[in-house]
Amino acid sequence: EDQVTQSPEALRLQEGESSSLNCSYTVSGLRGLFWYRQDPGKGPEFLFTLYSAGEEKEKERLKATLTKKESFLHITAPKPEDSATYLCAVHGSAGTALIFGKGTTLSVSS
Amino acid sequence: EAGVTQSPTHLIKTRGQQVTLRCSPISGHTSVYWYQQALGLGLQFLLWYDEGEERNRGNFPPRFSGRQFPNYSSELNVNALELEDSALYLCASSSGQGAYNQPQHFGDGTRLSIL
């Protein structure tokens, strides 16, 4: 069964305190892993797509990496505006619909 | 470039009623996806439309249905509303015929509350 598990569920950081979010997945033949950011009351905002183990993508303070079983979203020197829920998703075996994890809610305090 | 737009933003209904939610995809996108985001359950796939056809549906009962119009906009219909249908309903669009290398872009959703 296709499955995406994210950890931790919640993470509190001080401004400037770097950390990583984890996304582990089980799917037959990975065809894309996606990271999204979701602010309260908003839809998910696309961040990155990763396709193969070893691939890395960066955007400002965020860096996403991919292995054969999991992906990490590294946050370097976070700021309060990075506070959001970060969602990980993969294409399911049945088609292009996305299978989402439940997300990690990040809170960054100044 | 305008993003995915959804209407209405909020709806309040009672059990047994019917509701229609609307979605306009990003210009040039032909695939539309519907997801349900209920509290504590995360985003769950509902329906996928491409070029006017339903391509796939998630594990939801038949009272969840929809369609895609020639201009690629889409409607989601929910009949016989139940309390557990209370959720944020999100629409996403992507370019290509559901191509795997195209990210899905989301609207801000319709918040549906069932009393």
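Preceding this section is the structure that the text describes.
Residues numbered from 1 in each chain as written. Chains lettered and ligands numbered in written order. Predicted model: local features only at pLDDT ≥ 70, side-chain atom pairs only at ≥ 80, totals over all residues. Heavy atoms only, no water.

Undergrad: I tried to follow the nonpolar core on my own but got confused; where do I start?
TA: Generally speaking, nonpolar side chains in soluble globular proteins are found buried as a group. By size, the foremost hydrophobic cluster in this structure holds 23 residues, and its most contacted members are L33, W35, L73 and Y86 of chain A. Within the residue set of this core, elements represented by two or more residues are strand 2 (10-14), strand 3 (19-26), strand 4 (33-38), strand 5 (45-50), strand 7 (62-66), strand 8 (70-75), strand 9 (84-91) and strand 11 (104-109) of chain A. With four residues, the single largest contributor to this core is strand 9 of chain A. Discounting chain neighbours no more than four positions away, the residues touching Y86 of chain A are Q6, L21, W35, Y36, R37, L47, L62, L73, G103, T104 and L106 of chain A. Core analysis: the second largest hydrophobic core is formed by 22 residues, W34, A38, V78 and L112 of chain B among them. (Core = buried A, V, L, I, M, F, W, Y, C linked by side-chain atoms within 4.5 Å. Buried < 20%, exposed > 50% of the residue type's maximum accessible area, 1.4 Å probe, protein only. Helix = DSSP H or I, 4+ residues; strand = E, 2+ residues; numbered from the N terminus. Contact = heavy atoms within 4.5 Å.)

Undergrad: Explain the pattern of salt bridges to me, please; I cannot follow it from the model alone.
TA: As a working rule, side chains carrying opposite charge can pair if their charged atoms are close by. Residues and elements named next belong to chain A. Scanning the model with the defined rule gives 11 salt bridges over all chains in all. For K57, the salt bridge goes to E55, with nearest N and O atoms at 3.6 Å. E55 gets classed as buried once you look at its relative accessible area, which sits at 19%. (Salt bridge = Lys/Arg side-chain N within 4 Å of Asp/Glu carboxyl O.)

Undergrad: Looking at this model, I keep getting lost on the sheet that holds strand 3 (residues 19-24) of chain B. Mind explaining?
TA: Pairing between sheet strands relies on hydrogen bonds along the backbone, with the strands arranged either parallel or antiparallel. Residue and element names in this part refer to chain B. The strand order 1-3-8-7 describes an open sheet built from four strands, whose pairing is antiparallel. Looking at strand neighbours, the two that pair on one side only are strand 1 (5-7) and strand 7 (64-68), the edges of this open sheet. Across the sheet, the mean angle from the axis of one strand to that of its neighbour is 20 degrees, orientation sign disregarded. Pairing between strand 3 and strand 8 (residues 74-78): five bridges, direction antiparallel. (Pairing = 2+ DSSP bridges. Axes fitted to C-alpha atoms, helices over the stretch in contact; angles between N-to-C directions.)

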